[in-house]
Amino acid sequence: MRSALGGPRVLLRRLREVMAEPVSAQERLDKIVVLIAANMVAEVCSVYVLRVDSTLELYATEGLNRNAVHLTVLRADEGLVGLVASEANPINLSEAQAHPAFSFRPETGEEIYHAFLGVPILRAGNTLGVLVVQNRARRTYSEEEVEALQTTAMVLAEMIASGELSALAKPGAEPAVHRSLQLKGATLNDGIALGYVVLHEPRVVVTNFIADDVAKEQKRLEAALATLRADLDVMLERGDVADGGEHRDVLEAFRMFAHDRGWVHRLEEAVMTGLTAEAAVERVQSDTRARMLRQTDPYLRERLHDLDDLADRLLRQLLGHDHASHRGALPDNAILVARSMGPAALLDYDRKCLRGLVLEEGGPNSHVAIVARALGIPAVGEIANATGIVEPGDAVILDGVTGDVYVRPTVDLEAAYAERAKLRARRQQQYLALRDKPCVTRDGEAVTLMINAGLAVDLPHIDETGAAGVGLFRTELQFMVAPSFPRTSEQLALYRSVLDAAHGKPVTFRTLDIGGDKVLPYMRNIEEENPALGWRAIRLGLDRPGLLRSQVRALLRAAGGRDLRIMFPMVAAVHEFDEAKTLVERELTHLRRHGHKLPDRVEIGTMIEVPSILFQLDELLDRVDFLSVGSNDLVQFLYAVDRGNARVANRFDALSAPVLRALKAIVDRAIAHGKPVSLCGELASQPLGALTLIGLGYRSFSVAPSAIGPVKAMVLELDAKRAQELVCGLIAKPLGAASLRDKLTAFAEAEGLPV
Ligand code: PEP
Ligand code: MG
């Protein structure tokens, strides 16, 4: 390119004219490649478009053999063009044929060209094709030329995304931009959903790419950057972010990037090539996203995410959009797609319209996943670049059972899933019909089924499921989803509403189980080597009794004139239980002295989730009113396997002799002491798990609300005596297989049990 600055700007202006001409798509493409070649003084300019079958088809060329257009098709990883596409990065070579990836296609006649510059055609971080210029001379393209070609590629990206090229494609070989995709993620909540994409943070749509007046665009960019920096300063200085909390770190990273010379320079350069300020931001953002997708280092990915967010803020600044998301105004059948989302944001949406949730980030223990489960919304996480891949309004199927997300599904797939969804709905109807049936096995053993809960949105489930009560109310969830520490009055109000909703059925409140993976964003985080084994749950409660005391007080007051059940999490030694119980008794005395109405009865129990307590069962049972086994943590600690670490979480099975022997010891001792015992871990939420537990002697479970139906359906068909013979027989034998799951499943099948 002769004139480093004049060239691209003139080119962009000419491109704008071509884009507006009423010609066919092929003619437009042909004109574009001629324009680019002429402007860049290149002998060749070619456009390759990525197709649904993941190959790259030559769509237009100036300089190569014209007959090769629509005939030359490269594999996505073939040749230099394939490399540009798969790496989503420009390649600039003075001697292309010396590059190991060079592959020669005789039909194109490109053997006489030496210099090669290829840039990806990117949109929201996705590769849509490749734009190439070539020269006979062995020359290296300047940085400005690379920049100019990338800018031009942006215009092509819009053209491809508009769907204009579809008319040129053979069936089955359409441009990939709107292809059906199967994306694999991680299950956050099961269930199946069919619906249409709603972006939680609507993408800022840039419609005006090409600047009329470059100097004016430079000023706009400068002004927007200045405002952005000033806003960040104000937000940081206002100090309304918790000290050391997540939020402050993010803002500080934003401020650092907003002053980052490299980033600002890239934006300025993009404006210099003739883009409007907003198009320049979008270009740099698209590069960031493409880099983010290739980055494997979690820390660097996080920083690229910050940079992406910052670009978003800058775009909104330039276009005058505020940062608000849809909230209430949802279409029917909405599938919400977001990078990440806070729990409160999800609660802001109208539940009636929400069918599903897709997140780029967020593991099963993330707070938003907890809320999705409470709301009963199928959800999938860990879908890379989900917000860049989908378009608002796209059809989506979300399979929360397998963790698959299908974007723009085929008609056949949609029909198959609609059928599955109908089947599930029918099954739900059947479960509903069991609601008022007594939960008794075929041989007359009564089994108590309660639900796990933790948020106000869980409460309708008590009535809907016909559960016998709430066996585990996780009080920490209120703290986890709140933006700041819930005041005692807010705790009191929630506990009261839980007892109201239970209409006299028992509710077991577990005191705060924070620490470990359950972090409160507004509380100073203590750095610990091993948070799961660290300062958490009852340990924190006893060391900082102020917090536990105010919670216990709220519980006692909420239950004035009613029965109350309190249980402590993660008790590892009998003396911890003694101390916690003493604290409750002191609070009772305190409230009595102040004339408060007290609960009619207070029962105090503990979770069994730390192995050490298995060797203090007799002493513990002398003291407690009841036990509840937390099998999630108990199995984690018995096998020393992190329950949240996918690499090891499935290494051991809870349905194995060592775990079942431990569980049997607990139920046997509890029965011997005449103390009630229940189990509230996930194990009881699976019908096969519940079957096994009944075989061990358990008769009370607290399960996910959605598990009440399936577990009850199994119980009604079960012969408890036969289950007991099988399970106790299996664990009494010398050990063999790592898991007893197969044998238990075979039993269930032979007995015709729905597991
Ligand atoms: C458990 O550990 O099994 C349990 C029910 O508690 P949580 O899952 O809340 O840790
Ligand atoms: Mg636990």
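Structure's up top.
Residues numbered from 1 in each chain as written. Chains lettered and ligands numbered in written order. Predicted model: local features only at pLDDT ≥ 70, side-chain atom pairs only at ≥ 80, totals over all residues. Heavy atoms only, no water.

Draft legend 1. View of the pattern of salt bridges. According to the stated counting rule, one finds 49 salt bridges in the structure shown. The closest approach of N and O atoms between Arg51 and Glu57, which form a salt bridge, is 2.7 Å. For the residue pair Arg51 and Glu57, the accessibility class agrees, reading buried in each case. Across the pair Asp500 and Arg562 runs a salt bridge whose closest N-O atoms are separated by 2.7 Å. Placement of Asp500 in helix α16 (residues 488–502) and of Arg562 in the loop between α18 (545–558) and β18 (563–568) is noted, with a sequence separation of 62 residues between them. With relative accessibility at 27%, the residue Arg562 sits in the partly exposed group. Residues joined by salt bridges that share partners form a network here, namely Arg75, Asp77, Glu78, Arg105 and Glu107. (Salt bridge = Lys/Arg side-chain N within 4 Å of Asp/Glu carboxyl O. Buried < 20%, exposed > 50% of the residue type's maximum accessible area, 1.4 Å probe, protein only. Helix = DSSP H or I, 4+ residues; strand = E, 2+ residues; numbered from the N terminus.)

Draft legend 2. Main features of the environment of Glu278. Tracing the backbone shows Glu278 in helix α8 (residues 277–294). The exposure class of Glu278 is buried, given its relative accessible area of 6%. When the C-alpha atoms of Glu278 and Asn208 are compared, they prove to be 8.1 Å apart, with 70 residues separating the residues in sequence. In this view, Glu278 contacts Val206, Asn208, Glu217, Arg220, Leu315, Leu318 and Leu319; residues no more than four positions away in its chain are not counted. (Contact = heavy atoms within 4.5 Å.)

Draft legend 3. Geometry of the site of ligand 1. Around ligand 1 sit 14 residues, and of these Arg474, Arg510, Lys518, Asn632 and Arg643 come closest. Side-chain polar atom of Glu609 to an oxygen atom of ligand 1: 2.9 Å apart, as the coordinates give it. The backbone of Gly630 places a nitrogen or oxygen atom 3.4 Å from an oxygen atom of ligand 1. Here ligand 1 has 280 Å² of accessible area as a free molecule, and 99% of this is covered by the chains. Those elements giving two or more residues to the shell around ligand 1 turn out to be β16 (470–474) and α21 (631–639). If one sorts the elements of the shell around ligand 1 by residue count, α21 sits on top with 3 residues. For the shell around ligand 1, the class distribution of residues is 3 nonpolar, 4 polar and 7 charged. (Near = heavy atom within 4 Å. Polar contact = N/O pair within 3.5 Å; in protein donor to acceptor, adjacent residues only side chain to side chain. Areas by Shrake-Rupley, 256 points an atom, 1.4 Å probe, with all protein chains shown as cover. Nonpolar A, V, L, I, M, F, W, Y, C, P; charged D, E, K, R; others polar.)

Draft legend 4. Highlighting the coordination of the magnesium ion (ligand 2). On the protein side, the magnesium ion (ligand 2) has Glu609 (OE) and Asp633 (OD) as donor atoms, found 2.0 to 2.2 Å from it. In this pair, Glu609 sits in the loop between β19 (601–608) and α20 (617–623) while Asp633 sits in helix α21, placing the two residues 24 residues apart along the sequence. Summarising the burial analysis for this pair, Glu609 and Asp633 share the class buried. (Donors = N, O, S within 2.8 Å, 3.2 Å for Na, K, Ca; no water.)

Draft legend 5. Seen up close, the sheet that holds strand β6 (residues 126–135). A sheet is described by the order of its strands in space; here 6 strands give the open sequence β3-β2-β1-β6-β5-β4, paired in antiparallel fashion. The sheet is open, and its two edges are formed by β3 (73–75) and β4 (91–93), each paired on a single side. The average undirected angle you get between the axes of adjacent strands in this sheet is 25 degrees. Across 6 bridges, strand β1 (residues 44–50) lies against strand β2 (residues 55–62) in antiparallel orientation. Counterpart to Tyr48 in the pairing with β2 is Leu58. (Pairing = 2+ DSSP bridges. Axes fitted to C-alpha atoms, helices over the stretch in contact; angles between N-to-C directions.)

Geometry only, nothing functional implied.
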